[in-house]
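Spelled out from the first residue to the last, the chains are:
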Amino acid sequence: MRIVTYNIHGWRTADNQPNHTAVGDVLAALNADIIGLNEVYYPRPAPGSDTPALEALAARLGLHFVFGPCLRWPAQDDMPAEAYGNALLSRWPIIANAAHHLTSKEEDPQRLLDTREQRGLLEGRIQLPGGDTFTAYSIHLDHTDEEARSIQLRVARTWLQRDRSRPHVVMGDFNAISLWDFAGREADLDAIAAHHSGHNLTNRPAGPQVIAQMEKAGYVDIYRQFNAPGERSYTTSTTAIRIDYIFASQALAGQATGCAIWCEADGVSDHRPVWAEFGPLSEP
């Protein structure tokens, strides 16, 4: 089973040109079974078409899809053209799904998230061949502040914990760095901290927290199992930054057979896709 996560930059290239066809080309080349997408507008059509771009993409790839809007509740049945959020695509039927907003008065008593862009967690329950089910989560965290990301992650974990004993993945644009990536690259951390749009990643003086929180919760950074530090998933930074992850639950991590950042998609988005492969799955 191949899984891919990809921030598609709102159907636009980094230089603000339509990328609908190029996104499809990239994902066709990756030939994934399950795909998580961030920064998706739905039901916005591609230029020159009346078909929503997400539907056209799923049809081209022969995949099922669901969309999770990042809107203030209540979500409406007639989604506006500018609805924005996450998507999941799957080779196999998605038998249940839910879009969760990453806000919580209980977790955020000072209402820090009130001033931030609404972010979300999309959950999809997938019917695998043979009858087992598998849950994939696509997540997108705040890009401005590590404390805000930490709050959003705590809210997300209230949903994730329901699958804690089952194989599942949590993938997406965490907008957060892992200190593992900077082993021997401490000068790069200083460069990030000095940059006006990147200093929040280093979260000084406390340091990055979000990825460590995922690992403390028992999730495994699959990329870290198969690669050396120093690669980038965010392409517009002059310093190599990896902020896109595929995390596997403990029940799944042992089935991982490979993981990498797809470096043949530069120019399509401001992110690169990340793929991971897993052997046969069976639920406990």
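Rules used in this analysis
Residues numbered from 1 in each chain as written. Predicted model: local features only at pLDDT ≥ 70, side-chain atom pairs only at ≥ 80, totals over all residues. Heavy atoms only, no water. Pairing = 2+ DSSP bridges. Helix = DSSP H or I, 4+ residues; strand = E, 2+ residues; numbered from the N terminus. Axes fitted to C-alpha atoms, helices over the stretch in contact; angles between N-to-C directions. Contact = heavy atoms within 4.5 Å. Salt bridge = Lys/Arg side-chain N within 4 Å of Asp/Glu carboxyl O. Buried < 20%, exposed > 50% of the residue type's maximum accessible area, 1.4 Å probe, protein only. Left-handed = near helix turned anticlockwise from the far one by under 90°. Nonpolar A, V, L, I, M, F, W, Y, C, P; charged D, E, K, R; others polar. Polar contact = N/O pair within 3.5 Å; in protein donor to acceptor, adjacent residues only side chain to side chain. Disulfide = S-S within 2.5 Å. Right-handed = clockwise from strand over helix to strand, strands pointing away. Expected span 1.5 Å × (residues − 1).

**Some thoughts on the sheet that holds strand E4 (residues 84–90)**
If you trace the six strands from one edge of the open sheet to the other, you get E3-E4-E2-E1-E12-E11, paired in mixed fashion. With partners counted over all chains shown, the strands left at the sheet margins are strand E3 (64–69) and strand E11 (256–261), one partner each. Neighbour-to-neighbour, the strand axes of the sheet open up by a mean angle of 15°, direction not taken into account. Sheet analysis places E11 next to strand E12 (residues 274–278), joined by five bridges and oriented antiparallel. From the neighbouring strand, Ile261 faces E12, where its bridge partner is Val274. Packing against the sheet, helix H1 (residues 20–30) makes contact with strand E1 (2–7), strand E2 (34–41) and E12, and its axis sits at approximately 160° to E1.

**Some details on the pattern of salt bridges**
Considering all chains together, one arrives at 19 salt bridges under this definition. With a shortest N-O distance of 2.6 Å, Arg162 and Glu123 are connected by a salt bridge. Within this pair, whereas Arg162 is found in the loop between helix H3 (146–160) and strand E8 (168–173), its partner Glu123 is found in strand E6 (residues 120–127), the two being separated by 39 residues in sequence. By relative accessible area, Arg162 is classed as partly exposed at 43%. Looking at Glu123, the relative accessible area reads 13%, which means it is buried. Asp266 serves as the salt-bridge partner of Arg272, at 2.8 Å between the closest nitrogen and oxygen.

**Brief notes about the packing of H1 against helix H2 (residues 53–61)**
Remark: H1 packs on H2, axes separated minimally by 10 Å, with the N-to-C direction vectors making an angle of 30°. Seen along the crossing, H1 lies across H2 with a hand that is right-handed. In contact with His20, Thr21, Val23, Gly24, Asp25, Leu27 and Ala28 of H1, H2 contributes Ala53, Leu57, Arg60 and Leu61. Along the lines of polarity and charge, the residues of the contact of H1 with H2 split into six nonpolar, three polar and two charged.

**Concerning the side chain of Glu123**
Of the polar contacts made by the side chain of Glu123, one reaches the side chain of His100; its length is 2.8 Å. Discounting chain neighbours no more than four positions away, the residues touching Glu123 are Leu88, Ala96, Asn97, Ala98, His100, Thr135, Ala136, Tyr137, Arg162 and Asp163.

**Here's the deal with the state of the cysteines**
Under the criterion given, the structure shown has zero disulfides. Left unpaired, Cys263 is separated from the closest cysteine sulfur, that of Cys259, by 12 Å.

**A few points about the pairing of strand E7 (residues 133–140)**
Judged by how many residues are buried, E7 sits mostly within the fold: eight of eight residues are covered. Side chains Thr133, Thr135, Tyr137 and Ile139 project from E7 onto one buried face, and the interleaved Phe134, Ala136, Ser138 and His140 project onto a second face that is buried too. Examined bridge by bridge, E6 and E7 share seven bridges and lie antiparallel to one another. Bridging across to E7, Leu122 finds its partner in Ser138. Between the antiparallel neighbours E6 and E7 lie five residues, among them Gly130 with a positive phi of about 95°. This β-α-β element, E7 to H3 to E8, shows right-handed connectivity.

**Section: H3**
Here H3 contains 15 residues, and its C-alpha end-to-end distance of 20 Å stays within 8% of the 21 Å for a straight helix at 1.5 Å per residue. The set of residues buried in H3 consists of Glu146, Ala148, Arg149, Ser150, Ile151, Gln152, Leu153, Val155, Ala156 and Leu160. Residues of H3 that are buried make contact with strand E5 (94–101), E6, E7, E8, helix H5 (199–202) and helix H6 (210–216). The distance from a side-chain oxygen at the start of H3 to the backbone nitrogen of Glu147 is 2.9 Å, and the residue carrying that oxygen is Asp145.

Everything listed here is a matter of geometry and, on its own, says nothing about what the molecule does.
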